[in-house]
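Coordinate analysis (summary)
Chain by chain, the residues:
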Amino acid sequence: MKLNTATFLPVVCLLCQTGAATPKTLPFDPVDSTRDRTVPLKIYLPEKEGASPVILFSHGLGGSRENNPYLGNHWAENGYACIFMQHPGSDEEVWKSAKFGQKFQALKDAAGLRQTLDRFADVPFVLDQLEKWVMEEGHPLQGKLDFSKTGLCGHSHGAVTTMGLAGQKFPSPKTFHDKRISAFLTMSPNPIKGLSPEKAYGHLRVPILCMTGTNDGSPIDPGLQPESRRKVYEAFPNGDKYQLVLDGAYHHAFGDSQRKLKSARKPNHHPAILKVSTKFWDAYLKGDTEAKALLQSNDVPKDSGLGDVDVWEWK
């Protein structure tokens with residue numbers, strides 16, 4: 001079902017007020033000995049007793065574990081342990097170490113097959129490591145993580161990572177689906193080359209929320225038009241699928257960067273992203289039936305402070 005919010009007046013979004021203390025953050029640098037690869041982590045932990053549902057986050061090209069703290073802090077304040085991963089080979093070191101005039105090409109090269117496969121392998125490695133730490137006597141994460149319901153979110157090339165772990169198909173028969181992950185949130189999803197959206201995504205039965213914007217092009221691929229990102233959602237089968245399209249949102253609207261702030265996003269974009277994403281996690285990681293009912297209703301625009309031309313749809 002599709003809802004254009006033109007039927008509603010713009011309203012001010014009131015974010016979830018939980019009264020929770022500011023989350024603490026913990027850095028870790030686990031080493032995957034089988035690949036001789038360090039995968040840096042930044043973990044946002046709720047200030048509460050007991051174990052919390054887990055959300056993993058995968059950054060875009062040229063990013064790091066320090067990206068998107070607005071997401072990590074907000075989700076942790078709402079009861080989630082948030083694991084922000086850094087992917088060597090497609091992280092900030094790519095452009096920081098590139099010679100003058102070669103940074104753009106370095107980022108394009110970092111979107112290649114080898115780096116993408118490394119990202120696909122990073123996620124199960126991190127889950128394996130977390131499962132060990134949570135059982136380790138005296139470890140800061142001991143007893144803090146509940147893996148019965150785990151979510152994965154990513155932006156841009158992190159969205160590629162997210163959809164790969166969700167089980168999308170590729171021109172080759174190989175799959176990277178990890179059944180330990182229960183729900184997926186993809187920001188600026190990318191249709192893959194060499195396979196139609198229907199063949200790539202038409203079989204996915206897991207809960208997925210897509211977020212994009214009407215100006216959500218690609219910083220490295222001028223040929224990728226904003227409307228093409230919506231083809232990912234359109235190809236999904238019915239059942240637990242959602243899409244938020246933010247009017248006027250550029251590619252960087254989903255990040256924290258102050259660079260080009262005015263052109264990247266409107267004041268209501270981040271509040272809406274936070275409110276809708278948290279409701280999605282509540283529905284599928286906490287089993288909140290009221291949150292799920294809200295997502296599948298016309299009340300999302302009013303509840304999330306969306307504008308009159310933003311689009312909310314579900315099926």
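Relevant structure appears above.
Below you will find a few notes about this structure. (Residues numbered from 1 in each chain as written. Predicted model: local features only at pLDDT ≥ 70, side-chain atom pairs only at ≥ 80, totals over all residues. Heavy atoms only, no water.)

1. Digging into the overall build of the protein chain
Secondary structure assignment for the protein chain yields eleven helices and twelve strands. The C-alpha atoms of the protein chain give a radius of gyration of 19 Å, which matches the 20 Å a tight globule of 315 residues would have. Expressed along its principal axes, the backbone C-alpha trace of the protein chain runs to roughly 55 × 50 × 40 Å. When the 315 residues of the protein chain are sorted by exposure, 55% land in the buried category. Contacts spanning at least 24 positions in sequence make up 73% of the contacts within the protein chain whose residues lie at least 6 apart. As displayed, the protein chain offers around 13900 Å² of accessible surface, 54% of which is attributable to carbon and sulfur atoms. Taking the average location of the 38 positive side-chain charges in the protein chain and that of its 35 negative ones, the two points are 5 Å from each other. (Helix = DSSP H or I, 4+ residues; strand = E, 2+ residues; numbered from the N terminus. Rg over C-alpha atoms; globule rule 2.2 N^0.38 Å. Buried < 20%, exposed > 50% of the residue type's maximum accessible area, 1.4 Å probe, protein only. Contact = heavy atoms within 4.5 Å. Areas by Shrake-Rupley, 256 points an atom, 1.4 Å probe, with all protein chains shown as cover. Lys, Arg positive; Asp, Glu negative; His and termini not counted. Charge placed at Lys NZ, Arg CZ, Asp CG, Glu CD.)

2. Quick word on the packing of helix 1 (residues 69-77) against helix 9 (residues 269-285)
It is the contact of helix 1 with helix 9, at a shortest axis distance of 11 Å, that shows an interaxial angle of 45°. When the axis of helix 1 is compared with that of helix 9, the two are oblique. Of the two possible hands of crossing, helix 1 and helix 9 adopt the one that is right-handed. Contact with helix 1, carried on its side by Tyr70, Leu71, His74 and Trp75, involves His270, Ile273, Leu274, Ser277, Thr278 and Trp281 of helix 9 and no other residues of that element. Considering only residue class, the contact of helix 1 with helix 9 consists of six nonpolar, four polar and no charged. (Axes fitted to C-alpha atoms, helices over the stretch in contact; angles between N-to-C directions. Parallel < 35°, antiparallel > 145°, perpendicular 65-115°, else oblique. Left-handed = near helix turned anticlockwise from the far one by under 90°. Nonpolar A, V, L, I, M, F, W, Y, C, P; charged D, E, K, R; others polar.)

3. Notes on the packing of aromatic side chains
Any two aromatic rings considered together are summarised by their centre-to-centre distance and by the angle between their planes. Following the criterion strictly, the structure yields 14 aromatic pairs and no others. On the numbers, 5.7 Å between centres and 85° between planes, the contact of Trp75 with Trp281 is edge-to-face. Residue Trp75 is found in helix 1, and its partner Trp281 is found in helix 9; the two are separated by 206 residues along the sequence. For the pair formed by Trp75 and Trp281, the shared burial category is buried. (Phe/Tyr/Trp six-rings, centres within 6.5 Å; stacked < 30°, edge-to-face > 60°.)

4. Looking at the packing of helix 4 (residues 113-133) against helix 5 (residues 157-166)
Their axes nearest at 9 Å, the elements helix 4 and helix 5 cross at an angle of 60°. As the angle between them shows, helix 4 and helix 5 are arranged oblique. For helix 4 against helix 5, the interelement crossing comes out right-handed. Where helix 4 abuts helix 5, its residues Thr116, Arg119, Phe120, Val123 and Pro124 lie against His157, Gly158, Val160, Thr161, Gly164 and Leu165. Of the residues that constitute the contact of helix 4 with helix 5, the class distribution is five nonpolar, five polar and one charged.

5. Focus on helix 1
All buried positions along helix 1 are accounted for by Tyr70, Leu71, Gly72, His74, Trp75 and Ala76. Packed against the buried residues of helix 1 are strand 5 (41-45), strand 6 (52-58), strand 7 (81-85), strand 8 (145-155), strand 9 (183-187) and helix 9. Of the residues one or two after helix 1, Gly79 is the one with positive phi, at around 100°.

6. Some details on the nonpolar core
Grouped burial of nonpolar side chains is what soluble globular proteins tend to show. Judged by nonpolar contacts, the single largest core of 41 residues is most densely connected at Leu41, Val126, Leu141, Tyr201 and Phe236. If one sorts the elements of this core by residue count, helix 4 sits on top with seven residues. Counting residues in hydrophobic clusters, the runner-up holds 38 residues, among them Cys153, Met187, Trp281 and Ala283. (Core = buried A, V, L, I, M, F, W, Y, C linked by side-chain atoms within 4.5 Å.)

7. So, helix 9
Here helix 9 is 17 residues long and its end C-alpha atoms lie 23 Å apart, about the 24 Å a rise of 1.5 Å per residue gives. Across the 17 residues that make up helix 9, a large majority, 15, are buried. (Expected span 1.5 Å × (residues − 1).)

8. Regarding the pattern of salt bridges
Scanning the model with the defined rule gives 18 salt bridges in all. A salt bridge links Arg37 to Asp118; the shortest N-O distance between them is 3.7 Å. Of this pair, Arg37 sits in strand 4 (residues 37-38) while Asp118 sits in helix 4, and the two are 81 residues apart along the sequence. Among the salt bridges present, the one from Lys292 reaches Asp240, with a minimum N-O distance of 3.5 Å. In this pair, Lys292 is assigned in helix 10 (residues 289-295) and Asp240 in the loop between helix 7 (230-235) and strand 11 (241-250), connecting sequence segments 52 residues apart. The partly exposed category is assigned to Asp240, whose relative accessible area is 22%. A cluster of three or more residues bridged by salt bridges with shared partners is formed by Asp32, Arg35, Arg37, Arg114, Asp118 and Asp122. (Salt bridge = Lys/Arg side-chain N within 4 Å of Asp/Glu carboxyl O.)

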